[in-house]
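Structural overview for review
Single-letter residue listing:
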Amino acid sequence: MSDTQNYDPSEIERMMKTAPVIPVLVVKDVGKAREQAAALVEGGLKVLEVTLRTPDALEAIKRMNLVPGAIVGAGTVTNARQLKEARAAGSEFIVSPGLTHNLGEAALTSGLPFLPGIANAGDIMRGLDLGLTHFKFFPAMASGGIPALKALSGPFGQCLFCPTGGISAETAPEWLALKNVLCVGGSWIVPDGAGLDEIKARAAQAATFAG
């Protein structure tokens with residue numbers, strides 16, 4: 001097991017319980033980042049995941065952090081260098097699509113709340129070896145959907161999840177009904193070309209989903 005003295009798992013759990021949906025954001029226009037974050041927070045979704053898939057992602061994190069009430073983190077973090085850059089940009093939590101020993105060690109050392117991606121039992125066991133119990137089930141639909149996560153809940157009843165990948169407004173409540181699911185991640189909240197009013201409305205709908 002890793003040295004977890006800097007790591008407090010209750011922090012990632014608190015964030016996962018803040019709202020039923022964590023918007024997964026691919027920021028293509030950094031000039032709109034702050035306004036979009038404000039619309040999401042006003043709609044009731046405060047925990048925002050900015051994926052490191054675009055050149056301006058780190059700048060977007062900085063701008064979104066200016067929004068009162070926003071809890072902004074970095075997603076698609078795949079190595080220790082990106083984790084360091086995301087932390088320097090003000091990320092309050094880290095999300096990864098998968099889990100390696102090196103990334104896990106770096107995340108635990110940083111002390112930042114960490115939500116690593118897992119897709120199967122072996123991934124979860126690797127996380128447990130590091131002392132982690134909160135995971136992103138990704139890609140959720142491609143990895144077997146709800147039946148797969150239900151099956152994993154048997155041997156890994158101590159683990160809690162944020163399914164992400166292929167989830168929609170229509171299917172999110174079904175995932176949230178699972179006892180080991182605290183929230184879901186979704187890119188449908190901010191589709192390409194969506195205006196601020198639409199973003200706020202989508203966030204407000206998602207904020208009503210029962211967890």
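Anyway, here's the lowdown on the structure attached to this text. Note that the coordinates shown come from a computational prediction; the quantities given were computed from them, not determined experimentally. (Residues numbered from 1 in each chain as written. Predicted model: local features only at pLDDT ≥ 70, side-chain atom pairs only at ≥ 80, totals over all residues. Heavy atoms only, no water.)

**Focus on the environment of Ser10**
Looking at the element boundaries, Ser10 is found in helix α1 (residues 9-16). In sequence terms Ser10 and Pro113 are 103 residues apart; their C-alpha atoms lie 8.5 Å from each other. (Helix = DSSP H or I, 4+ residues; strand = E, 2+ residues; numbered from the N terminus.)

**Some words on the pairing of strand β1 (residues 21-25)**
If a strand is regular, its side chains alternate between the two faces of the sheet. Of all five residues that make up β1, five are buried, and the element is covered over most of its length. Going residue by residue along β1, you find Val21, Pro23 and Leu25 tucked away on one face and Ile22 and Val24 tucked away on the opposite face as well. Summarising the sheet, β1 and strand β2 (residues 47-51) pair through two bridges and their orientation is parallel. If you follow Val24 over to β2, its bridge partner there is Glu49. Crossover connection from β1 via helix α2 (residues 33-43) to parallel β2: handedness right-handed. (Buried < 20%, exposed > 50% of the residue type's maximum accessible area, 1.4 Å probe, protein only. Pairing = 2+ DSSP bridges. Right-handed = clockwise from strand over helix to strand, strands pointing away.)

**Side note on the pattern of salt bridges**
Applying the stated rule across the entire model yields eight salt bridges. For Arg14, the salt bridge identified is with Glu11, shortest N-O distance 2.9 Å. Here the residue Arg14 and the residue Glu11 both occupy positions in helix α1, the gap between them amounting to three residues, near one helical turn. You can call Arg14 partly exposed: its relative accessible area is 41%. Where Arg202 meets Glu198, a salt bridge forms, and the shortest distance between an N and an O atom there is 2.8 Å. Separated by four residues within a single helix, Arg202 and Glu198 lie in helix α9 (residues 196-207), roughly one turn from each other. When its relative accessible area of 27% is taken as the criterion, Arg202 is described as partly exposed. (Salt bridge = Lys/Arg side-chain N within 4 Å of Asp/Glu carboxyl O.)

**So, helix α4 (residues 80-88)**
Within α4, the full set of buried residues consists of Gln82, Leu83 and Ala86. Down the axis of α4, the smallest arc covering the buried residues is 105°, so these residues share one side. α4 presents Lys84 and Ala88 as exposed residues on the side facing more than 90 degrees away from its buried surface. Where α4 is buried, its residues touch α3 (57-64), β3 (71-75), β4 (94-95) and α5 (101-110). (Arc of directions from axis to C-beta. Contact = heavy atoms within 4.5 Å.)

**Considering the sheet that holds strand β6 (residues 117-118)**
The three strands lie next to each other as β6-β7-β8, forming an open sheet whose pairing is parallel. Edge strands, defined here as strands with exactly one partner in the open sheet, are β6 and β8 (160-161). With two bridges connecting them, strand β7 (residues 134-137) and β8 associate as parallel partners. When the bridges of β8 are listed, Phe135 appears paired with Phe161. Here α1 sits on the sheet in contact with β7 and β8, set at roughly 45° to β7. (Axes fitted to C-alpha atoms, helices over the stretch in contact; angles between N-to-C directions.)

**Considering the packing of aromatic side chains**
Across all of its chains, the model carries two aromatic pairs by this definition. Look at Phe135 and Phe161: their rings are 6.2 Å apart centre to centre, the planes differ by 35°, and that puts the pair in the tilted class. Of the two residues, Phe135 is situated in strand β7 and Phe161 in strand β8; the sequence distance between them amounts to 26 residues. One exposure class covers both Phe135 and Phe161, and it is buried. The interplanar angle of 50° and the centroid separation of 6.2 Å between the aromatic rings of Phe137 and Trp175 together place this pair among those described as tilted. (Phe/Tyr/Trp six-rings, centres within 6.5 Å; stacked < 30°, edge-to-face > 60°.)

**Structural notes on the side chain of Gln82**
Tracing the sequence through the fold places Gln82 in helix α4. Gln82 sits in the buried class, given a relative accessible area of 14%. Separated by 2.7 Å, the side chain of Gln82 and the backbone nitrogen of Thr78 make a polar contact. (Polar contact = N/O pair within 3.5 Å; in protein donor to acceptor, adjacent residues only side chain to side chain.)

**Digging into empty space enclosed by the protein**
All told, the structure shown has one cavity of 30 Å³ or more when counted by the stated rule. Here the largest cavity defines a volume of roughly 40 Å³. When grouped by side-chain class, the residues that make up the lining of the largest cavity number five nonpolar, three polar and no charged. (1 Å grid on protein atoms, 1.4 Å probe; cavity = no way out; pocket = protein on both sides within 12 Å on 5 of 7 lines; lining within 4 Å. Points joined across faces, edges and corners; volume = space filled by probe spheres on them. Nonpolar A, V, L, I, M, F, W, Y, C, P; charged D, E, K, R; others polar.)

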